[in-house]
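Chain by chain, the residues:
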Amino acid sequence: MTTPRTPEPSFTGDTASPLLEVVDLHVEFHTKAGVAQAINGLNVTLNAGETLAILGESGSGKSVTAQTIMGILDMPPGHIAGGEIRYRGEDLLTMKPEKRRKLRGVSISMIFQDALSALNPVLPVGWQIAEMFRVHQGMNRKLARQKSIAMMQRVGIPAAEERVGDFPHQFSGGMRQRIMIAMAIALDPDVLIADEPTTALDVTVQAQVMRLLKELQVENNMGLILITHDLGVVADVADKIAVMYAGQVMEVSDVYEIYAQPAHPYTEGLLNSVPRIDGQDERLNAISGLPPSLTDMPSGCPFHPRCPYATDLCSAERPGLLPVVAEHTSACHYREEIYNGTRQPREEAQA
Amino acid sequence: GNGDDGNGDGGNGTADNGGAEAAGGGTVSAYNCEPQNLMPSNSTEVCGSWVLEQLFTGLTQVDYETYEAVPGVATDWESNEDQTEWTFTLGEDWTFHNGDPIDANTFVETFNWVVDPDNAQQNTSFYDVIVGYEDVVNGDAEELAGVTATDDYTLEFELNEPFSPLPMMLSYTGFYPMPAEAFEDPESFEQAPVGNGRYQMDGEWEHDVQIAVDRYEDWPGEDPGVPERIEWQIYNDIETAYLDVQAGTLDIMDSVPPNRLSTMEADFGDNQTMFDTSSFTYMGLPLYQEEFQDKDVRHALSMAIDRQLIIDNIFDGAQVPAGNIIPPMLPSAREDACDYCDFDPEAAAELYEEADGPSELTIYFNSGAGHEDWVEAVSNQWQEHLGIENISFESLEFAQYLDLHDNQEVTGPFRLGWVLSYPSPQYAMEPIYTTGKSSNYADFSNEEFDNLIAEANAADPEEADSIYQEAEDILLEEMPVIPMFFQSQGVVHSDRIQHDSVQMDPRTFLRVEQLVVNEE
Amino acid sequence: MTELNKAHTVAAGEPPPAPKKAKAQEEASLWMDAWRSLRRNPWFVVSAVLLVVLVTMALFPQLFTDNDPRACPLSRSRQEPSAEHWFGTDIQGCDYYARVIYGAANSMAVGVIVSLSVFVIGVALGLVAAFFGGWVDAVLMRLTDLVFAIPYLLGALVFLAVQSERSVWDVSLILIVFTWPTFARLMRGSVLAVINNDYITAARALGAGPLTIMRRHILPNSLGPVVGYAAVFTGIVIGAEATLTFLGVGLQLPAISWGLQLDEAKSYLQQLPHLLTFPLIFVALTVFAFTSMGEALRDALDPKSKKR
Amino acid sequence: MSQPAVDAPQDPFADSEVVLDVKDLVKHFPIKEGTVFKRRTGAVQAVDGVSFQLRRGETIGIVGESGCGKSTVAKLLMRLEEPDSGSVTFRGEDFLSLKGEDLRRMRRKIQIIFQDPYTSLNPRMSVGDIIAEPFKLHPEAKPAQGVRNRVMELLDLVGLDPEHINRYPHQFSGGQRQRIGIARGLALNPDVIICDEPVSALDVSVQAQVMNLLEDLQQELGLSYIFIAHDLSVVRHIADRVAVMYLGKFAELGNDDEIYRMPSHPYTQALLSAVPVPDPRLRESREEIVLKGDPPNPANPPSGCRFRTRCWKATEICVEQEPELIVRPGITQRSACHYASVQAEFPTDSS
Amino acid sequence: MTGYIIRRMLQFIPVVIAATLIVYAMVFLMPGDPIRALSGDRPMSPQVLETLREQYNLNDPFLVQYAKYMWGVFTAGDFGTTFQGRPVLDIIQQGLPITVTLALVALSFQIVIGVIAGVLAAVYKDSFLDRMVQVSLVIVVAVPTLAIGFLLQLTFGLNLEWFPIAGTREGLVSYVLPGITLGAVSTGIVARMLRSELVEALQSDYVRTATAKGMRRSRVVVRHGLRNSLIPVVTFLGADLATMLGGTVVVETIFNLTGLGGQIFRSIQAQENTVVVGIVTLFVLFYVVLNLVVDLLYAAIDPRIRYD
Ligand SMILES: Nc1ncnc2c1ncn2[C@@H]1O[C@H](COP(=O)(O)OP(=O)(O)OP(=O)(O)O)[C@@H](O)[C@H]1O
Ligand SMILES: Nc1ncnc2c1ncn2[C@@H]1O[C@H](COP(=O)(O)OP(=O)(O)OP(=O)(O)O)[C@@H](O)[C@H]1O
Ligand SMILES: [Mg+2]
Ligand SMILES: [Mg+2]
């Protein structure tokens, strides 16, 4: 037996501050057509043991946010134009690269949205999981393999022992996603960013995976950022919800509140679009219109061109993320009226 | 003929075995190229003959001071009046390295084996002066009628025609005696030839790597080899060998690359020297083509070449401009025998104009042998001085090159060379210029010349030289080939070799058996 | 699509925007995008300019020198560079500057003809072999083995037998015949690496035939290594041409080419270094131009690596 | 949309033309071990005897455990994998024996939307080229208004900014890429579209928009869909019939009401019980059937009924006899369970 | 898989037949008489010529010659002898170890230096170092091999005395300089090729994943990026090894090694059919195996590449 290398010391920061805090983050992409402002002053806070669900329009910058937190944004074309990302009070963006590297995978870990391209096609999945143990914990080859089989079993891969040596392309979409999950939770991170972790999973497996994440959360007081479109899952597991639109957070609230009383028209629209399992076959309610072009952001509230309640104020002034009631904030000029359900849509916006 | 011992090597005090023991001995590593073969009767090139020269001793040897034949296995020889019958008396204590004794019969057997067409030995054609050659070659006879052993140590030759250079010719590699085992299995024989020379093989011939020989202590000749052992290192590339001598890995090399001659002195200081050789380079002219049948054209072409300029600038002085056909080191060679070999551009231009020489030329040479540069220089001079506008080159692999000659398809001046297998003016001329001879690529035919050569061959050696010179005059006047250069050879050696002991001969170049190794 | 458009029109809040923007949008394809980004790549511009100069030199050497490259008085042989002879003179006494300038034509021609041809042949055969696999692959690949096995000197010598005058084209042909297999194998390798991608499957699902798949999907994604090698290969060919000449099967002497100059200079490395230096600079510049260009092209064809 | 009353068990599509007739489709993937000298050590029975008929204008939803072979069925139907046995008939023509031009022609009629939107888009083609490709391949289908206009229109339809026509796939978010794939699948107006999780990465609003679009097209052009998804609400919303798949076989096949309201197969029941409901207040009150044990190894499936190792009803007969997919007493749909019964109706949404 | 390998090995047979036949025919077609050339300027007597021609079957029609030769090869393992009577097998036995050692040394050099340089150039893309790699390649391509070898001999052999100038007396050490000379150009190509491939691979999502896993940059590049960029490099090295075997003439000559490259070259010039065909047969066998190895390496590098 080789004595395992001393594990890399886990990061000890300011325990009083929130686990993870994103402050006024700005991210841009340089494209031919101009500068695309993917993230425009994003603020979120994650506490230990908390599950923060990030919902939002497809293309609203959820994955970019996750990548920026992980420090794996492609630069160029990406570019962090401003803001801070604080992990236990310390800014990740100005941290020494080597120190930051040691946080990755160990303290802050991520499940990628696309499992197939995120897995190395030429390495066996078992190897890819085992790498976590081998590099960060100095575990030997055999032991790491055992551990990775255990991880695969944990995420419900059948016949894990036989399939550790298989390559990503030999797995189904959902199985790959579970491999990603196994890899991300291998070292019991403090913060787990899960970017649509269960899109390719059937509901039973999804439930199993969510239970697993919950367990970890309880065990390690892990903070979980869950990026998903599945409002069912969110309802099931989230403590707090942030709704994103066009690179900004539109509404942040406790999970119970937001389903019952959204305080932002976009959230309202989202909730209206959900198909029901008791499925009446009526048309689904989509929010009309297109999201704004990131290279050419509208003035004022980015949602105003599609908002049924919009007024001139909305196109003139960008609303701040302000409280509606305690712990429930919204970036809408008319948040209170919407919260209370008293605001009437504009005439012409009623389809 | 004469039995003049002629071994007047007064200049070389080291040759005395036993006398100057201090200087003798040691191992010399010398440059060599990979021999085609190590079968005396089959060896035609320099790499092989250099080795064979040490492994074998023929009936005669050559004294390179006087260019006369001196005793080898034969102690004495004489001929009849018209040089057609020769008697050689052999020394009695000669043996092969394996102990087999050598007598007159050894030679008879060797010669019969060599000419036997079944054995396909390349040097066979040297035997064509001996009576019965044709019959053997054509399969009509088993043995050469013209070679007989009258007793154990007397060998008689009967020749088809008078041939005074015979003793000289017999020094040639193709006439070395061979033991019986050579005839039984020639292929394995040449991996480790058993001869009767100053040195004997140590182990087999390591192809492309080396050939090692040790001094044969029982050699009965006059001046045995000085080094105890000679190792020829085989190189593909002379540049590399040169570097190795510079580095001291190799003791000596005798063919310094031409482009190195200018740096030779800087690289080696006193450890270098130059020697003249018999290696003759000429520009042949296909007389079977109409344009070249006018000898004025040939003269003009010759006079338009500034040989010295080419030698200075392309060969770094490593050639001697050829003003004759007989190599300068032979006693019969003369200076200024040639009227048309001196550079005279005006006369050349005029002559060429008058003779209406061709306005387009193709120059032929064999590729990959380093002839490009000087041929190009010649072409430039012809262009410049004779106003020939269009000169192109045809460079071919040697085999294909010879093919063109055989089929008389050459249409312009061609490069060829000639090295003396034995140092006789006869050999410098007869094979190349007499009517119908196989090396007569120019297709030259001149009755007067043919007669003069025959006359010289029949004459007493004392008179022969002047007749050969007359023959040479005809060549220089008729100019079937434009003499270009005689090659000089650079020799470089490491500090291990005593500089004074470095000696050359014009045929096999460095006399490696004379080298003295400095004590370490 | 009545209801749909209605629904959509409402959703979009204005008449269908597509046609409006169609005019405004410049049509883009990978190749056009590549061209656009190439134009802005300084390395590309530099190498393009360099190539233009070299090609001009090959086509109109008179523009660069008044000296006759074939005026070679031996009396001024081996001169060092001087005001009169910028590059000195060579063994024959020719003005080396003029020689080098005039050498461009043959060298560039052989270099470009050969690399272009083997590129095309190699890409086509490698693509076909990898795409169809099975016996097609086996036959083509064994063919490459075969060509590898035949010594090219032998081929060249035999070719010579049926050829009396040798032009640039003949020399190129010999080189092409014996060098395409490397390209074919290189291409085959990168196609094999690409062919298992899902987008190829997707194209098949769309009903794309083999040709279309190869041309539109495989080619742009697998060309990189071959392009890179072809660029370098140009330089290798320029040298190889000289070898042939010295075996008597290359360009007919007294041809002028960089390869021949380099070859001649080899013997005088220490004595006359300028003989090596000047043609070498030109060959190096050519290779540099081609490789930079190849690389710029490769960069341009990779949407992800696009610098802005 | 007009649909017959929910209770009527008869097939509303009984009279429509059968577009796709699938019989006994089987696909086993060999498992190999070793890097260079691979030995075949077994076979993953990815699809093992699947039969169904798809009629004109109909949508069949396929749900099931991750890795049970749904994508493989899709690929087999597209002839992207060659089946080991079985037959696929498209409009009376044997699809599996088609070659060359005939196959190409047929492919115009059947389109697929791939599960993985990352790898199925050529990274070196602009979005415009990707969506225009179908027209290039089938010039006879060139739209009257010009390819480029049509491409922009398609982009707009799936909710993407037509201005992004010149962008490359990597410049899009996951959901945006998925929509590129959808736009490509729709381009040719095919007869059948096989959608492999087409909306998994979309936010609910865009998802609603896309589903409305699919339904509208179906209405208008009589399209048939095979709709693979994990989101059971989505499937219920769009599908006319639903197939529940487990380990390479159909466990149950019936119309959406039968499956959702009267599931007869224990696996279906477990699946439905695990569906998360988008209402946080129901979190604690939901009764989820948690399947015991690990998922079986598809390379070595259990004898008899493949679900028996995790089934609470399993008995001897389930071990010995493989249940056929037939209509069983007491139910109207076809079910592959010896003990098929509508044990409990799934609780409908409480709202 | 075993079946695949066997099938591949069987393909050796037609290639060998084709290669030997073609090579035999080519030597046959070469102009000039090999026997004539043996004796240089001084012609042999016609009878000797005749005997030799008889001995080497040179008077037979081509196919009879070929058949006689192949019959000897297959029935008695008799590869014939040279015109000097040296058995061809003997020549092969002597040359093969040298050629193989030389090629392997060159290959190792290419792999080690090429890969290191390529990786560094990719990681520090567009840096000074990256450009240096490019410039080195350009120079190495432009300088004739012979000059490279000579400079190495001069510097490391003569002046520094680190390595022997020529020969094989000092074992593996003797192969260092020739190996570098032989591998120089390809090393540059490998570096460049790898650099471009790696740059592309480093942009992929799985490399990003590796970074997110907290791997060191070096590990990300080497373990995750490198492997995905190896296919063209492996292909190139395979093809290069093939060309290297037959193309070592220059290096063998200047470093005085007695490998097969120089041998086949000289044998072609001497039109020694037996030697040429013997060596070619050996080469074909080697190429077939080599390419099989390359193909298997593909499968090992990229598991998505399958052969059945
Ligand atoms: N390389 C890039 N160049 C230009 N724009 C980019 C680039 N990468 C991402 N974007 C843009 O940034 C925006 C945010 O993308 P992101 O991937 O974060 O979306 P998302 O919220 O994760 O969406 P989804 O739910 O669809 O995954 C998108 O509109 C996308 O088009
Ligand atoms: N190329 C392959 N080689 C080996 N096994 C494969 C291959 N492709 C798929 N499989 C296996 O076949 C089974 C079915 O895969 P498939 O992709 O059809 O599942 P799926 O139902 O689509 O799952 P998901 O919902 O997770 O996408 C899985 O066990 C998978 O590992
Ligand atoms: Mg995303
Ligand atoms: Mg799937």
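What you see is a predicted model, and the numbers here were worked out from it, not measured in a lab.

### Notes on the overall build of chain E
Right, so step 1: Scanning chain E from N- to C-terminus turns up 15 helices and 0 strands.
Right, so step 2: Each principal axis of the C-alpha distribution contributes one length, and for chain E these read about 80 × 55 × 30 Å.
Right, so step 3: Within chain E, buried positions represent 63% of all 308 residues.
Right, so step 4: For chain E, the exposed surface amounts to about 11,000 Å²; the carbon and sulfur share of it is 69%.
Right, so step 5: Each charge sign in chain E was given a centre, from 22 positive and 20 negative side chains, and these centres are 12 Å apart.

### Focus: the site of ligand 2
Right, so step 1: Around ligand 2 there are 22 residues in total, and A:Gly174, D:Gly67, D:Lys70, D:Ser71 and D:Thr72 lie nearest to it.
Right, so step 2: Chains contributing residues to the immediate surroundings of ligand 2 are chains A and D.
Right, so step 3: For ligand 2, an oxygen atom lies 2.8 Å from a polar atom in the side chain of A:Ser172.
Right, so step 4: Contact between ligand 2 and D:Cys68: an oxygen atom at 3.3 Å from a main-chain N or O atom of the residue.
Right, so step 5: For ligand 2, whose free accessible area comes to 630 Å², the fraction covered by protein is 91%.

### What about the interface of chain C and chain B?
Right, so step 1: In this complex, chain C contributes 25 residues to the contact, which on the side of chain B involves 28 residues.
Right, so step 2: Summed over both partners, the interface of chain C with chain B buries about 2,100 Å², with 45% contributed by carbon and sulfur atoms.
Right, so step 3: At the junction of chain C and chain B, the tally comes to 1 salt bridge.
Right, so step 4: Linking B:Glu376 and C:Arg99 is a salt bridge whose minimum nitrogen-to-oxygen distance equals 3.6 Å.
Right, so step 5: Run the count over chain C and chain B and you get 0 residue pairs in polar contact (both at pLDDT 80 or more).
Right, so step 6: Listing elements by their share of the side of chain C that touches chain B, those giving two or more residues are α7 (152-161) and α11 (224-246) of chain C.

### Concerning the pairing of strand β1 (residues 27-32) of chain B
All names here are of chain B.
Right, so step 1: For β1, the buried fraction is high: 5 of the 6 residues fall into the buried class.
Right, so step 2: As judged from the 6 bridges shared by β1 and strand β10 (residues 229-234), these two strands associate in the parallel manner. Within β10, the residue paired with Thr27 across the bridge is Arg229.

### Here's the deal with the UniProt feature "transmembrane region" (unreviewed entry) in chain E
Residue and element names in this part refer to chain E.
Right, so step 1: Those places that UniProt annotates as "transmembrane region" (unreviewed entry) correspond, in this numbering, to residues 12-30, 98-123, 135-152, 172-194, 233-255 and 275-301.
Right, so step 2: The span residues 12-30 shows a helical share of 95% and a strand share of 0%, and its end C-alpha atoms are spaced 26 Å apart.
Right, so step 3: The span residues 98-123 carries 100% helix and 0% strand; its end-to-end C-alpha distance comes to 37 Å.

### Some thoughts on the site of ligand 1
Right, so step 1: Close contacts around ligand 1 come from 23 residues, with A:Gly59, A:Lys62, A:Ser63, D:Ser173 and D:Gly175 the closest.
Right, so step 2: In this structure ligand 1 sits where residues from chains A and D come together.
Right, so step 3: A:His229 is positioned with one of its side-chain polar atoms (N or O) 3.0 Å from an oxygen atom of ligand 1.
Right, so step 4: Protein coverage of the free-state accessible area of ligand 1, which is 640 Å², stands at 95%.

### Some remarks on the UniProt feature "domain: ABC transmembrane type-1" (unreviewed entry) in chain E
Right, so step 1: Here the UniProt feature "domain: ABC transmembrane type-1" (unreviewed entry) sits at residues 96-298 of chain E.
Right, so step 2: Regarding residues 96-298 of chain E, the helix share stands at 79% and the strand share at 0%, and the terminal C-alpha atoms are separated by 27 Å.

### Focus: the arrangement of the chains
Right, so step 1: Among 8 pairs of chains with at least one contact, chains A and D form the most extensive contact set.
Right, so step 2: Nowhere do chain A and chain B come into contact; their C-alpha atoms are at least 48 Å apart.
Right, so step 3: The two units chain B and chain D are non-contacting; their minimal C-alpha-C-alpha distance is 41 Å.

### A word on the sheet that holds strand β4 (residues 74-79) of chain B
Residue and element names in this part refer to chain B.
Right, so step 1: Across the sheet, which stays open at both edges, the 4 strands sit in the order β4-β5-β7-β6 with antiparallel pairing between neighbours. Among the strands making up the open sheet, the edge pair consists of β4 and β6 (147-151). Within the sheet, the average angular offset between the axes of one strand and its neighbour, ignoring direction, is 20°.
Right, so step 2: Bridge count for β4 against strand β5 (residues 85-90) is 5 bridges, and the pairing is antiparallel. Paired with Ala74 across the strands is Leu90, a residue of β5.
Right, so step 3: Along the sheet face, helix α2 (residues 104-115) touches β5, β6 and β7 (154-158) and points at about 165° away from the line of β6.

### Quick word on the packing of helix α9 (residues 176-201) of chain E against helix α12 (residues 230-246) of chain E
Residue and element names in this part refer to chain E.
Right, so step 1: It is the contact of α9 with α12, at a shortest axis distance of 9 Å, that shows an interaxial angle of 165°. Overall, the two elements α9 and α12 adopt an arrangement that is roughly antiparallel. In this structure, α9 meets α12 at a crossing whose hand is right-handed. Along its contact with α9, which presents Leu182, Ser186, Ile189, Val190, Met193, Leu194 and Glu197, the element α12 presents Leu230, Pro232, Val233, Phe236, Leu237, Asp240 and Met244.

### Some words on the interface of chain A and chain D
Right, so step 1: Opposite the 66 residues of chain A that make contact, chain D presents 67 residues.
Right, so step 2: If you look at where chain A meets chain D, you find 0 salt bridges.
Right, so step 3: Taken together, chain A and chain D are joined by 12 residue pairs in polar contact (both at pLDDT 80 or more).
Right, so step 4: Elements that contribute at least two residues to the side of chain A that touches chain D include exactly α3 (115-118), α6 (160-163), α7 (173-185), α8 (203-220), α9 (231-237), α10 (255-260) and α11 (265-273) of chain A.
Right, so step 5: Top element by residues in the side of chain A that touches chain D is α9(A). It accounts for 7 residues.
Right, so step 6: When the residues that make up the side of chain A that touches chain D are grouped by side-chain class, the tally is 29 nonpolar, 20 polar and 17 charged.

### A look at the coordination of the magnesium ion (ligand 3)
All names here are of chain A.
Right, so step 1: At 1.9 to 2.2 Å from the magnesium ion (ligand 3) lie its protein donor atoms, namely Ser63 (OG) and Gln113 (OE1). Taken together, the residues span a long stretch of sequence, with Ser63 in helix α1 (residues 62-70) and Gln113 in the loop between β6 (108-111) and α3 at a distance of 50 residues. Comparing Ser63 with Gln113, the two get one shared label, buried.

### Some words on a nonpolar patch on the surface
Residues and elements named next belong to chain E.
Right, so step 1: A contiguous nonpolar patch, built from Ile111, Val112, Ile113, Ile116, Leu120, Tyr124 and Leu129 and spanning about 590 Å² of accessible area, is present on the exposed surface.
Right, so step 2: Counting residues per element, the nonpolar patch draws most heavily on helix α6 (residues 88-123), which supplies 5 residues.
Right, so step 3: Inspection of the secondary structure assignment puts Leu129 in helix α7 (residues 128-142).

### Digging into the pairing of strand β9 (residues 240-245) of chain A
Residue and element names in this part refer to chain A.
Right, so step 1: For β9, a buried count of 6 out of 6 residues is recorded, marking the element as mostly surrounded by other parts of the structure.
Right, so step 2: Going residue by residue along β9, you find Lys240, Ala242 and Met244 tucked away on one face and Ile241, Val243 and Tyr245 tucked away on the opposite face as well.
Right, so step 3: Pairing analysis gives 5 bridges linking strand β3 (residues 51-56) to β9, with the strands arranged parallel. Directly across from Leu55, in β9, lies its bridge partner Val243.
Right, so step 4: With 6 bridges connecting them, β9 and strand β10 (residues 248-254) associate as antiparallel partners. Directly across from Val243, in β10, lies its bridge partner Glu251.

### Quick notes on helix α5 (residues 62-76) of chain E
Residue and element names in this part refer to chain E.
Right, so step 1: Between its terminal C-alpha atoms α5 stretches 21 Å, which fits the 21 Å expected from 15 residues at 1.5 Å a residue.
Right, so step 2: For α5, the complete set of buried residues consists of Phe62, Gln65, Tyr66, Tyr69, Met70, Gly72 and Val73. With its buried residues spanning 150° around the axis, α5 presents them on a single face. Exposed and facing more than 90 degrees away from the buried side of α5 are Leu63, Trp71, Phe74 and Ala76.
Right, so step 3: Considering only its buried residues, α5 is in contact with α2 (12-29) and α15 (273-301).

About the thresholds
Residues numbered from 1 in each chain as written. Chains lettered and ligands numbered in written order. Predicted model: local features only at pLDDT ≥ 70, side-chain atom pairs only at ≥ 80, totals over all residues. Heavy atoms only, no water. Helix = DSSP H or I, 4+ residues; strand = E, 2+ residues; numbered from the N terminus. Buried < 20%, exposed > 50% of the residue type's maximum accessible area, 1.4 Å probe, protein only. Areas by Shrake-Rupley, 256 points an atom, 1.4 Å probe, with all protein chains shown as cover. Lys, Arg positive; Asp, Glu negative; His and termini not counted. Charge placed at Lys NZ, Arg CZ, Asp CG, Glu CD. Near = heavy atom within 4 Å. Polar contact = N/O pair within 3.5 Å; in protein donor to acceptor, adjacent residues only side chain to side chain. Contact = heavy atoms within 4.5 Å. Buried area = accessible area lost by both parts, 1.4 Å probe. Salt bridge = Lys/Arg side-chain N within 4 Å of Asp/Glu carboxyl O. Pairing = 2+ DSSP bridges. UniProt positions renumbered as here; feature names shortened; annotations may be inferred. Axes fitted to C-alpha atoms, helices over the stretch in contact; angles between N-to-C directions. Parallel < 35°, antiparallel > 145°, perpendicular 65-115°, else oblique. Left-handed = near helix turned anticlockwise from the far one by under 90°. Nonpolar A, V, L, I, M, F, W, Y, C, P; charged D, E, K, R; others polar. Donors = N, O, S within 2.8 Å, 3.2 Å for Na, K, Ca; no water. Patch = residues over 30% accessible without salt bridge, like charges linked within 9 Å, V, L, I, M, F, W, Y side chains within 5 Å. Expected span 1.5 Å × (residues − 1). Arc of directions from axis to C-beta.

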